[in-house]
Structures are given as C-alpha cells and as structure tokens.
Amino acid sequence: MLKEHMIVKVGEILEKASLELAESTGCIFTIWGETELPDCIRKELEEKNRKLRSRTKYKI
Amino acid sequence: MERINGYLAKHFIEKLNNYKNYNENQMIKITYAFCVLAGEMEKLLLLIIIFSIVGKGYAFFIIMVALFCSKHYVGGIHMKTVATCFIASLIAIAVIIFMGEKFIFQSEQKMFIYILSILLMYFFAPMYSENRVITNRKKVKIKGICAAFMMGIFGAIVGGVTEQYIVWTLLLINIEIVIGSIMYYRKERRKQ
C-alpha cells in the first residue's frame, strides 16, 4: 500500500516537474545539455504563454 | 544513455499504470521528466567522482554553483545527448579549474568581467533554444542578473582562488553568450 502510494506520488511529481524542466532546456546541473522537448509539453507551455500575454494586455 | 533512461522510464510507467490510469500526454510528460532527471543524476555523479578523485572537489563545487547561477538562466550553447553534454561539462569545468589556478585576474579585470556579465545577461538572457519554452522572459532575466550580481559579491568577499573560479566561469559564460548569439542570428538569417 505504501509502495503503491509512493509510486503514484512520484508519478504526480514528475508530471508537474516536466513543465518546470522544459523551462530550463531539460537540463539542471550539467549545463551544456538539453533534452528534446515533446510536442505536448511545448503546446501546453505556448498556450500558457498566450494566456499570460492576453491577460497582461487587458490589465493595461 | 538515452536508451537506458528511456527503458527505465518505460518500466516505471508500466508499474505506474498498474495503480493509476494515465493518458498519453501524461505518460509523455512523466517519461520526459524521468529521462531528464536520470540523465542529470548520472552526469552529476560521474563528474563528482572524477573531480573528487583528482582532488578538485571544492573547485568543482564552486564552479557548479557559479554555473547554476548564471548559465541556468542565460541558456546558450547546448549539446544534444547525455554523453556529449557530460564531455562538454567535464572539459569546461577542467578548463576553468586550470585557468583559475594559473592565470590570476586583477581587480580592474574582475570588475570588467562582472559588469560585462550583467550587461550581457540584460541584453541576451534568456537565449532562445528550440527545446526550451519560457513563459516569463523578464522574470528569468531578472533572476539571472541578480544571481550574477550575488556571485560577484560572494566572490569579492571570499577572494582568493574561489573568486578566480567564479570570474573564469563568468568569462566562459560571456564568451558563450557572444558565440551563441552569433550562431542564432546566422541561423535566423539563413531561414529568411
């Protein structure tokens, strides 16, 4: 039961971390590498960008 | 290395699917995060072992902190595979250690490099990469400038060879920003 809970928790953390990692070229410590960005993450981040920009426009 | 990490990620997701159903997008995200973190751990561990064996553990630690504070925000030139990234990181850190111990910067030169780092960060950070989507460029730029500034203060307080490592790291990043920008603009011109 604990093992199942831990595995599911790690899965959730990895899913959330994927967006953060995508904002740092998929590279944290060893800084001369990058990982190819999957299309689904790219689209999600670009959509997030678009929404942020449109919110900023309306604030002004 | 990518194949091994991919295989491990696939194995992890199979286990995960036993307990919870994930759609395709979620599985891709988990695979991506798993592969990135596994690759990073592998490279970092190898570098720690290598530099500890040659007695440069402290220098390695200082340079990694300096790199994390600068290149992490700026971006720049990147390798495509785990192995080439590892080799590039190994060579770059070895060069910084060597130069930091052999060629000592004077106060005016150090000040020039610190100011140049902040200026280059202001104008070029974060640099474009096709594998990086940044949602808030201004935030990344400000973080990078603050980090470079703090490193300068830390280096000035500590002094000695620690400061030399930091200055050489910043100089390397500055050179990389210039080369990376030239490569990027050439690529853009070729597209047009």
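Before reading further, recall that the structure is shown in the block above.
Before going into details, it helps to say that this report is about the structure given with it. (Residues numbered from 1 in each chain as written. Chains lettered and ligands numbered in written order. Predicted model: local features only at pLDDT ≥ 70, side-chain atom pairs only at ≥ 80, totals over all residues.)

## Here's the deal with the interface of chain B and chain A
Inference 1: The interface of chain B with chain A comprises 39 residues on the first partner and 34 residues on the second.
Inference 2: Here the element with the most residues in the side of chain B that touches chain A is helix α2 (residues 24-53) of chain B; it accounts for 14 residues.
Inference 3: Tallied by class, residues from the side of chain B that touches chain A come to 23 nonpolar, 9 polar and 7 charged. (Contact = placed C-beta atoms within 7 Å. Helix = DSSP H or I, 4+ residues; strand = E, 2+ residues; numbered from the N terminus. Nonpolar A, V, L, I, M, F, W, Y, C, P; charged D, E, K, R; others polar.)

## Notes on the nonpolar core
Inference 1: Ile63, Ala66, Val74, Ile96 and Tyr165 of chain B are the most contacted members of the largest nonpolar core, which has 35 residues in total.
Inference 2: Elements that contribute at least two residues to this core include exactly α3 (57-74), α4 (82-102), α5 (107-124), α6 (137-158) and α7 (160-191) of chain B.
Inference 3: Of all the elements, α3 of chain B adds the most residues to this core, at 10 residues.
Inference 4: Once residues lying within four places of it in the same chain are set aside, the contact partners of Ile63 of chain B are Ile93, Ile96, Tyr165 and Thr169 of chain B.
Inference 5: Counting residues in hydrophobic clusters, the runner-up holds 12 residues, among them Leu14 of chain A together with Ile30, Phe34 and Val36 of chain B. (Core = buried A, V, L, I, M, F, W, Y, C linked by C-beta atoms within 7 Å. Buried ≥ 20, exposed ≤ 12 C-beta atoms within 10 Å, placed from the backbone.)

## Examining the packing of α3 of chain B against α6 of chain B
Residues and elements named next belong to chain B.
Inference 1: For the pair α3 and α6, the least separation of the axes is 9 Å and the interaxial angle reads 155 degrees. One element, α3, and the other, α6, form an angle in the roughly antiparallel class. As α3 packs across α6, the resulting crossing turns out to be left-handed. Between α3 and α6, the contacting residues are Ala66, Cys69, Ser70, Tyr73 and Val74 on the first element and Val140, Lys143, Gly144, Ala147, Ala148 and Met151 on the second.
Inference 2: Classifying every residue of the contact of α3 with α6 by side-chain character gives 8 nonpolar, 2 polar and 1 charged. (Axes fitted to C-alpha atoms, helices over the stretch in contact; angles between N-to-C directions. Parallel < 35°, antiparallel > 145°, perpendicular 65-115°, else oblique. Left-handed = near helix turned anticlockwise from the far one by under 90°.)

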